[in-house]
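# Observations on the model geometry
Okay, here's what each chain looks like letter by letter:
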Amino acid sequence: MRIDVFSIFPEYLAALDLSLIGKARQDGILDVRVQDLRAFTTDRHRTVDDTPYGGGAGMVMKPEPWAEALSTALSGGTAEGESGAGERPTLIVPSPAGEVFAQATAYELAEKQQLVFACGRYEGIDERVLEWAGENFDVRPMSLGDYVLNGGEVAVLAMVEAIGRLVPGVVGNPESLVEESHSDGLLEYPVYTKPSLWRDRPIPEVLLSGNHAKIARFRRDEQLRRTAERRPDLIAKLNPSTLDKADRAALEALGWTVTAEAVLPR
């Protein structure tokens, strides 16, 4: 997978050289290219912003540097004859006005051949850039949640890590991806390690039983309990047809009613 990132603070993205993403870059699994947007300006001050039409606070990022920068990403897209040849790159623009990035989004984007991230600053990027980019990119304004950051770099770090770790070969043990929070619509169960008794706190006895069926049931029940306590909105989204008899009993004990059509709070 190729990932292009454009920012006026490219040093902010240095964290992409670390940990699993950094190793994947070294191994050639991820081709991550971070570039300074100011390199695509033409004036001696390397200006990337100007005042907004119609008035208002703050500055708006100018369209021409973005068009020049994004054009270079197009020139290095997927080559003809490769898997995914002809696929339009996906342009992700971090924005509090975008769709909410979720685990399902990460899985979807991990299948792409090329992702391009445009890190906005100030009051955002001239809207005409997104309109222009739509001729050659699949444009996806995207938000981490209902809050505002100073720029897109933090969001890009989070999204690249969430997406990149799903690319085959990035995570050493693929099974670890299956049991994570949100992989099945629920939060992950709690985990423990040695010693079995720590500061007068024992681990759940069932984990020492060696009974794999009971351990699996315990973990599933803990997923349901934790999700009901912390993210009841996710419980309400569960498909009743995916719940077995034990799941339904656990949810009933937690104060939920499972019908043929929905999971509802009592």
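Residues numbered from 1 in each chain as written. Predicted model: local features only at pLDDT ≥ 70, side-chain atom pairs only at ≥ 80, totals over all residues. Heavy atoms only, no water.

You'll find the protein entered in an unreviewed UniProt entry as tRNA (guanine-N(1)-)-methyltransferase, with Arthrobacter pullicola given as the organism. Under the UniProt heading Subcellular location (unreviewed entry), the note attached to the protein is "Cytoplasm". Note on the protein: under the UniProt heading Function (unreviewed entry), the record states "Specifically methylates guanosine-37 in various tRNAs." (UniProt positions renumbered as here; feature names shortened; annotations may be inferred.)

When the UniProt feature table is mapped to this numbering, "binding site: S-adenosyl-L-methionine" (unreviewed entry) covers Gly 120, Leu 144, Gly 145, Asp 146, Tyr 147, Val 148 and Leu 149. Counting through the fold element by element, Gly 120 comes out in the loop between strand 6 (114–118) and helix 4 (127–133). Sequence-distant contacts of Gly 120, that is, excluding residues within four places in its chain, are made with Met 61, Ile 125, Gly 151 and Gly 152. Along the chain, Gly 145 falls in the loop between strand 7 (138–143) and helix 5 (153–164). The exposure class of Gly 145 is buried, given its relative accessible area of 12%. (Helix = DSSP H or I, 4+ residues; strand = E, 2+ residues; numbered from the N terminus. Contact = heavy atoms within 4.5 Å. Buried < 20%, exposed > 50% of the residue type's maximum accessible area, 1.4 Å probe, protein only.)

In this structure the tally under the stated criterion is 18 salt bridges. Close ionic contact of Asp 17 with Arg 25 constitutes a salt bridge, the shortest N to O distance being 2.9 Å. Since its relative accessible area comes to 24%, Arg 25 is described here as partly exposed. A salt bridge links Asp 126 to Arg 128, with the nearest nitrogen and oxygen atoms 2.7 Å apart. Owing to a relative accessible area of 48%, Arg 128 belongs among the partly exposed residues under this scheme. Three or more residues joined by partner-sharing salt bridges are found here, namely Arg 217, Arg 220, Asp 221, Asp 244 and Asp 247. (Salt bridge = Lys/Arg side-chain N within 4 Å of Asp/Glu carboxyl O.)

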